[in-house]
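Structural description and commentary
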Amino acid sequence: MFVAGNGVGWLEAVILGLIQGLTEFLPISSSAHLRIIGPMLPSGLDPGAAFTAITQLGTELAVLVYFRHDIARIFLAWCGSFKRNAPFNQDARLGWLVIVGTLPIAGLGLLFQDIIETYLRNLYLTAIMLIVFGLILGLADRVGKRQTELRDMTWRDGIVFGFAQALALIPGVSRSGGTITAGLLMGYTREAAARYSFLLAVPAVFASGFYQLYKSWGVAGPVSPANTALATFIAFFVGYAVIVWFLKIVSTRGYGLFVVYRVVLGVVVLALLAAGVLQPL
């Protein structure tokens, strides 16, 4: 197991796990919240990109549990599409679209890994992304036609969703926020955009999480293995509850609340940076 570093204690790990679970599926950027709140805890440490990726395994496990029937159906249909003369139904196509949509974030994540784990974690950039993409989400929610369902997704839409998800490599953009915004702008219903955001994230997050777990093995970090596991465990249960609540609220009330929250949080972070309470890196 990777070696424990000095700093983040179990109580802080609990807080970070709660934050991860609460924010992963909301269009407000979980990585931004962990980046902002980590240095404000008693240890004053940024938990790091590796901790963020590993704890996301907990929230993505919640996706597997909640959408287990959908995922099983899509996976079986995708496997069946390899058979000769097999019918290429909507579920099989959705399986291929998830794979295609995962390629941009996988390729860009590996290509710009060092930049993502260093320069892109600048809090000035995070705050600006919270505000800018919050406003874009608000615009998309207002002008989107909200008529298209997942069964109508085209290959072009799948590629657009994929590049929108890749924007989440920048803390503050939000994985769900990017894909949901793209979905709304392309005319998808609020619930369809949210559901596909969850499904599309599964392969990318699991690949990133296990890769960071492998890379962190035997390396000292700010959070110990036990505390990372604790945060991941908490993130799973909290994340599951958030999925249930989120899908209900967006189908009736839209994303206005999240837009306001993002803009306010971004402004607060800029003010704290200007006051010297937070440091950019």
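A brief structural summary. (Residues numbered from 1 in each chain as written. Predicted model: local features only at pLDDT ≥ 70, side-chain atom pairs only at ≥ 80, totals over all residues. Heavy atoms only, no water.)

**Looking at the overall build of the chain**
Along the backbone of the chain there are twelve helices and zero strands. Across the chain, helices and strands are ordered from the amino to the carboxyl terminus as α-α-α-α-α-α-α-α-α-α-α-α. In summary, the chain has a C-alpha radius of gyration of 18 Å against a globular reference of 19 Å for 281 residues, a match within 12%. Principal-axis analysis of the C-alpha atoms gives the chain an extent of 60 × 40 × 35 Å. Taking all 281 residues of the chain together, the buried fraction comes to 54%. Of the contacts formed within the chain by residues at least 6 apart in sequence, a portion of 83% connects residues at least 24 apart. (Helix = DSSP H or I, 4+ residues; strand = E, 2+ residues; numbered from the N terminus. Rg over C-alpha atoms; globule rule 2.2 N^0.38 Å. Buried < 20%, exposed > 50% of the residue type's maximum accessible area, 1.4 Å probe, protein only. Contact = heavy atoms within 4.5 Å.)

**Focus on the environment of Ile-116**
By secondary structure assignment, the location of Ile-116 is in helix α6 (residues 113-117). You can call Ile-116 buried: its relative accessible area is 14%. Sequence-wise, Ile-116 and Leu-265 are 149 residues apart; in three dimensions their C-alpha atoms are separated by 21 Å. Not counting chain neighbours up to four residues away, the residues in contact with Ile-116 comprise Leu-108, Gly-109, Arg-121 and Leu-169.

**Description of helix α8 (residues 155-166)**
The end-to-end C-alpha distance of α8 is 17 Å, a good match for the 16 Å that twelve residues give at a rise of 1.5 Å each. Taken together, the buried positions of α8 are Asp-157, Gly-158, Phe-161, Gly-162, Ala-164, Gln-165 and Ala-166. Of the surrounding elements, those touching the buried residues of α8 are α5 (90-111), α9 (175-185) and α10 (190-216). (Expected span 1.5 Å × (residues − 1).)

**Points about the environment of Asn-122**
One can find Asn-122 in the loop between α6 and α7 (123-143). Residues Asn-122 and Val-205, 83 residues apart in the sequence, show an inter-C-alpha distance of 22 Å. With near-sequence residues (within four places) excluded, Asn-122 lies in contact with Pro-280 and Leu-281.

**Comments concerning α5**
Compared with an ideal rise of 1.5 Å per residue, which puts 22 residues at 32 Å, α5 spans 32 Å between its outermost C-alpha atoms and is within 8% of the ideal. At Leu-103, α5 is bent by approximately 25°, the largest bend along its length, and proline Pro-104 sits one to four residues beyond. For α5, the secondary structure elements touched by its buried residues are α4 (68-80), α6, α8, α9 and α10. N-capping of α5 is provided by Asn-89, with a side-chain oxygen placed 3.2 Å from the backbone N of Asp-91. (Bend = angle between axes of the 7 residues up to and from the residue. Polar contact = N/O pair within 3.5 Å; in protein donor to acceptor, adjacent residues only side chain to side chain.)

**A few points about a nonpolar patch on the surface**
Taken together, the side chains of Ile-128, Val-132, Ile-136, Leu-139, Val-143 and Leu-185 present a nonpolar region at the surface, about 480 Å² in accessible area. Residue contributions to the nonpolar patch peak at five residues, all from α7. Inspection of the secondary structure puts Ile-136 in helix α7. Residue classification places Ile-136 among the partly exposed positions, given a relative accessible area of 31%. (Patch = residues over 30% accessible without salt bridge, like charges linked within 9 Å, V, L, I, M, F, W, Y side chains within 5 Å. Areas by Shrake-Rupley, 256 points an atom, 1.4 Å probe, with all protein chains shown as cover. Salt bridge = Lys/Arg side-chain N within 4 Å of Asp/Glu carboxyl O.)

**A look at the pattern of salt bridges**
Summed over the entire model, instances satisfying the criterion amount to five salt bridges. We note a salt bridge from Asp-141 to Arg-190, for which the minimum N-O separation is 2.8 Å. Linking Asp-141 in helix α7 with Arg-190 in helix α10, this pair joins segments that are 49 residues apart in sequence. The exposure class of Arg-190 is buried, given its relative accessible area of 17%. Beyond isolated ion pairs, a larger network of salt bridges with shared partners links Asp-70, Arg-73, Asp-91 and Arg-195.

**Remarks on the side chain of Thr-55**
Within the element layout of this structure, Thr-55 appears in helix α3 (residues 48-66). If we skip the residues at most four places from it in the chain, Thr-55 touches Gln-20, Leu-34, Thr-228, Ala-231, Thr-232 and Ala-235.

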